[in-house]
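Overview (structure and organization)
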Amino acid sequence: MIDSPTAPLTHWLRLLWNQAPPLHLHGDAPFIADGAIHLPACHPWRGHCAAAAHAAAHLVYSPRRFDTDGLVPIARTLLALLEDARTEALAMRELPGLARLWRPLHTATPDDGTGFEALLGRLARALADPAYVDPHPWVRKGRRLFYLDEGLGLPALCTPAALRDAALRLGHDIGQLRLPFNAEGYRPVPAYRDDHRWMWPADQQAAVQPPPAAQTAGGPAPPDPPWPETPSAVTRHPEWDRLIQRLRPDWCSVQTHSAVHRALSTGPADPAGPGPSPDPHAHALGRRLLSPLRALVRPVTRRGRSSDGEVFDLDALVDWQLAQRLRSAGDPRLYRAPQRQAGPGRVWLLVDQSASSATRLASRPHGAAAAHPLPGPTASADDGPTRLQAAARSATAVALALQALGLRCTVAAFRSQGRHAVRLDIVKRLTDPADGQLGQRLQALRPGGSTRLGAALRHATSRLGDGGSGVRWVLLLSDGEVHDIDVHDPHYLVDDARHAVRAAGRRGVRMACLALGAASRPPSTATRPLGEAQRIFGRRGTEALTDLSTLPRCLRRLMGSG
Amino acid sequence: MGHADAHALAAWRLSAEPYYQPTGDEVAHFEAACARRLPLLLKGPTGCGKTRFVEHMAWRLRRPLVTVACHEDLSAGDLVGRWLLDGDGTRWQDGPLTLAARFGAICYLDELIEARADTTVVIHPLTDTRRMLPLAQRNELVHAHPDFQLVVSYNPSPMAREMKPSTRQRFCALGFDYPAPEREAAIVARESGLDIARCAALVAFGVRTRRLQGQGLDEGASTRMLVHAAALVVQGLTLAAAAAMAVADALSDEPGVHQALRAALDASF
């Protein structure tokens, strides 16, 4: 989200009115539609601010809809102009600095002429800027009708009915003047103002598009969500488009579902009681991961001597006593220096749940015993676990080890069906304990959907946040193949995920990938996933895992200590 | 309190009444907890008045106030004391917690959660019915003075560490939050000497910044920040310049958030 070019505007609108409508940068004129604000792509920052603040002011101060019955195009246009001026007047009363943003953009003068469109521009300026003097009687009449107290900026037109009445009166005058008006080609001025399409529901056939109520930062859910459950949150993230070499803002919708309280067929009967213990295999594997993962909590300084401390350093005391007897100045650092510890770290374990994770982790010679046989209906010890089962087992063991080391972690599984439906199941929240239920929830995951990796990585990065001295780490457990149903360029999602990894690195979030089932040497086409994973995470950030017994070694390499 | 006790804690006594504007029944609740010697946990965002409240209550109850700002390098020795070396050998020096427990003072551990877990557990024997502090290094057991009162503060922001239940459940809690805008403006005016209208404008901007909590900012502007801004206005700065210096530029270095804060500042004044 932070990488999005609209992020500062989103923050700004939240600061002004606690509004967070979806923002889109495209086209060459602003408008409000589908609950989102659309802004021109190439405006400067202040231009974007002017347009966004005007549109957001409609969301805050405008009625949800206007009645168009009996309004000819001229009256409609005037009603929209008066509503623009009314919302801006209210906004400027609350935030006086907005006047410095909007007023300089009103450039209409009497020299523009007396055509209807010129008069509209002059009236818009007269209503926005008390210092502007316009000699035209119609403009002066509009100003008189509009303001209760011009000096205080108090509009008299407070209701849709009053606005409509004023618009009809001003429109009647235009009719008397026989001024022509091309409603089709008209664009409101100044250019930062939207085209009012939200005001006229009749123009939009059945779909009523009033100025939307306050939206959450995540924006609306897609109209026809492919997942049966209602997500607990929807968050939009940008996506890197390799062809245009820029981020497409708010391109992917990540639907977060909580799997923490989801009923498990094999779960405990008493949810209030303590969770079941993890299976002994996971515990044994977790213990073997303590050593490699300890690098995440390693003290940031070496132990030495200090002039202040808690415990005397005996060698330093002896040296000091010797120096005293030799009548020389001893080293005053008599204490053992405290070791500076890293702050509390946070980790995200991301499990790739896509359909391709249903394939076996590795083909074994017939009759060979699996190092870590997995229980479950879909796998036997003879043909080995699926990649998803291996990922679940690995994630359980890593979560147990992290818990033992005092590091908190979130475990989530993800899959996608196009950019509007990237589903994230939170299997373990940051503060939940890693217990037997975690293993059960992970083992209950079923493969399906595709792998839109960049969105999942950006979501994890945003949740890990900024700052703190502790490590922030994302570990992906995946087959390493990125794919989605609405993407046909094989390099598109790889480049997007690589961009997400690099952006995370700039925010201090490290990322690594355990490529499940990928061979570490490239003898065949089966190694393509590892190649993709290495392109995304780099060689040092990628380890191929073909057997769970090698998990400690893989993690040690990823930690850079092996 | 004997002469030696009074001398040991003389430096920790408050000489004047610290200004505090109650927002509810917190004064009565604090006094009730003190009467029953129950340790207190003050929860609330940064700069909302927790420390000032404790200072006010220490003055009100006429007890010395020993304050420790906790941090991740704070060791158990920093709290209970340590052996020091001098020309004659070693001598023991009480830490602030021992001093307060031995001679009877309010010990205020500010942002306790910032301390390491091995430091936090030192307070456990003082927070239950034992009310004692074992000094293992000195082989001494300090029984807390009847006037000893332990108060800790904790800022439960989304980015903050969780307090362990074994520590949390030893305390009664008092929740704090930023005052309502009118009351906050009055506090800022009282603290800074600025007129109420300009204080209200500063508070309105501060309230806006709190909307970004968890959306780019860990926390919005504190009352303390707004008092700083008002003080700068009293010194001759404009409202916008003071708010930029004391609030917008101080809150965030993240470019997008900072840009939005600056633009909101432009819109507000």
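Conventions used here
- The numbering scheme is per chain: residues are counted from 1 as the chain's sequence reads.
- Lettering of chains starts at A and numbering of ligands starts at 1, both following the order in which they are written.
- Per-residue local features are limited, in this predicted model, to residues with pLDDT of at least 70; the limit for side-chain atom pairs, both in listing and counting, is 80 or more; totals at the level of whole chains, interfaces and linings are taken over all residues.
- Water and hydrogen atoms play no part in the side-chain values, which are based on all heavy atoms of the structure.
- Put simply, DSSP marks the helices as runs of H or I at least four residues long and the strands as runs of E at least two long, and each gets a number from the N terminus on.
- Helices are assigned an expected span. That span is 1.5 Å times one less than the residue count.
- Note on contacts: a residue pair qualifies if any of its non-hydrogen atoms lie within 4.5 Å across the two residues.
- Once two parts are joined, some of their accessible surface, as seen by a 1.4 Å probe, is lost; buried area is that loss totalled over both.
- In what follows, salt bridge is the name for a side-chain nitrogen of Lys or Arg lying within 4 Å of a carboxyl oxygen of Asp or Glu.
- N or O atoms within 3.5 Å of each other form a polar contact, as long as, within protein, one can give a hydrogen and the other can take it, and as long as residues adjacent in sequence are counted only when both atoms are side-chain atoms.
- Each residue receives one of three labels: charged for Asp, Glu, Lys and Arg, nonpolar for Ala, Val, Leu, Ile, Met, Phe, Trp, Tyr, Cys and Pro, and polar for the others, Gly being one of them.
- pLDDT measures the predictor's confidence residue by residue and takes values from 0 up to 100.
- Pairing between two strands requires that DSSP report at least two bridges joining them.
- Axes, fitted as lines to C-alpha atoms, cover a helix only where it is in contact. Angles between the N-to-C directions of the axes lie from 0 to 180 degrees.
- Between buried and exposed lies partly exposed: a residue is buried under 20% and exposed over 50% of the maximum accessible area for its type, with that area taken using a 1.4 Å probe on protein chains only.
- Angular relationships are summarised with four words: roughly parallel below 35 degrees, roughly antiparallel beyond 145, roughly perpendicular across 65 to 115, and oblique for the angles in between.
- By definition, turning the near helix anticlockwise from the far helix through less than a right angle yields a left-handed crossing, and turning it clockwise yields a right-handed one.

Over its 18 residues, helix α10 (residues 387–404) of chain A extends 26 Å from the first C-alpha to the last, a length consistent with the 26 Å expected when each residue adds 1.5 Å. The first or second residue beyond α10 of chain A is glycine 406 of chain A, which carries a positive phi of 85 degrees.

Each partner contributes residues to the interface: chain A has 36 residues there, and chain B has 34 residues. Summed over both partners, the interface of chain A with chain B buries about 2,800 Å², with 57% contributed by carbon and sulfur atoms. Of all residues in chain A, His11, Leu15 and Glu310 of chain A bury the most surface against chain B, accounting for 24% of the area lost on that side. The shortest N-O distance in the salt bridge between arginine 208 of chain B and glutamate 94 of chain A comes to 3.4 Å. Counting the contacts that link chain A with chain B gives 11 residue pairs in polar contact (both at pLDDT 80 or more). Taken together, the elements giving at least two residues each to the side of chain A that touches chain B come down to α1 (7–17), α4 (98–102) and α9 (314–325) of chain A. If one sorts the elements of the side of chain A that touches chain B by residue count, α1 of chain A sits on top with seven residues. Broken down by class, the residue content of the side of chain A that touches chain B amounts to 18 nonpolar, nine polar and nine charged.

A few words now on the confidence of the model for chain B. The share of residues in chain B with pLDDT of 70 or more is 96%, and the mean pLDDT across the chain is 90. Scored as a whole, the predicted complex attains pTM 0.59, and scored at its interfaces, ipTM 0.82.

Now for unusual backbone geometry. For residues other than glycine, phi is negative in most cases, and the peptide bonds are mostly trans. Residue proline 190 of chain A is bonded to the preceding valine 189 of chain A through a cis peptide linkage, with omega at -10 degrees. If you trace the backbone, proline 190 of chain A turns up in the loop between α7 (160–177) and β6 (233–241). Within the chain, arginine 131 of chain B stands out as a residue other than glycine whose phi angle is a positive 45 degrees. Take arginine 131 of chain B: it is sitting in the loop between α6 (117–120) and β6 (132–135).

All names here are of chain A. In space, the three strands of this open sheet follow the order β1-β3-β2, with mixed pairing throughout. The open sheet has two edge strands with one neighbour each: β1 (23–25) and β2 (31–33). Across the sheet, the axes of successive neighbouring strands diverge by a mean angle of 25 degrees, strand direction being ignored. As judged from the three bridges shared by β2 and strand β3 (residues 36–39), these two strands associate in the antiparallel manner. In the sheet register, isoleucine 32 faces β3, and the bridge partner there is isoleucine 37.

Turning to the environment of leucine 239 of chain B, a few remarks are in order. Residue and element names in this part refer to chain B. Structurally, leucine 239 can be placed in helix α11 (residues 239–251). Judged by relative accessible area, leucine 239 falls into the buried class, the value being 18%. In the structure, leucine 239 is positioned 37 residues away from leucine 202 in sequence and 7.4 Å away in space, judged by C-alpha atoms. Not counting residues within four places of it along the chain, the set of residues in contact with leucine 239 comprises Arg198, Ala201, Leu202, Val233 and Phe269.

Let us now look at the packing of α11 of chain B against helix α12 (residues 255–268) of chain B. All names here are of chain B. Look at α11 against α12: their axes get within 10 Å of each other, and the N-to-C directions meet at 160 degrees. Viewed along their axes, α11 and α12 adopt a mutual orientation that is roughly antiparallel. Pair α11 / α12 crosses with right-handed handedness. Only His258, Leu261, Arg262 and Leu265 of α12 make contact with α11, whose side of the interface consists of Ala240, Ala243, Ala244, Ala248, Asp249 and Leu251. Looking at the contact of α11 with α12 residue by residue, the classes come out as seven nonpolar, one polar and two charged.

All names here are of chain B. At a minimum axis separation of 9 Å, helix α8 (residues 181–192) and helix α10 (residues 223–234) run at an interaxial angle of 50 degrees. As judged from the angle between their axes, α8 and α10 are oblique. By crossing handedness, the relation of α8 to α10 is classed as right-handed. Contacts between α8 and α10 pair Glu184, Ile187, Val188, Glu191 and Ser192 from the former with Thr223, Leu226, Val227, Ala230, Ala231 and Val234 from the latter. In the contact of α8 with α10, the residues fall into seven nonpolar, two polar and two charged.

Right, let's get into helix α13 (residues 492–506) of chain A. Residue and element names in this part refer to chain A. Over its 15 residues, α13 extends 21 Å from the first C-alpha to the last, a length consistent with the 21 Å expected when each residue adds 1.5 Å. For α13, the set of buried residues is Tyr492, Leu493, Val494, Asp495, Asp496, Ala497, His499, Ala500, Val501, Ala503 and Ala504. Of the residues flanking the end of α13, it is glycine 508, one or two places downstream, whose phi is positive at about 85 degrees.

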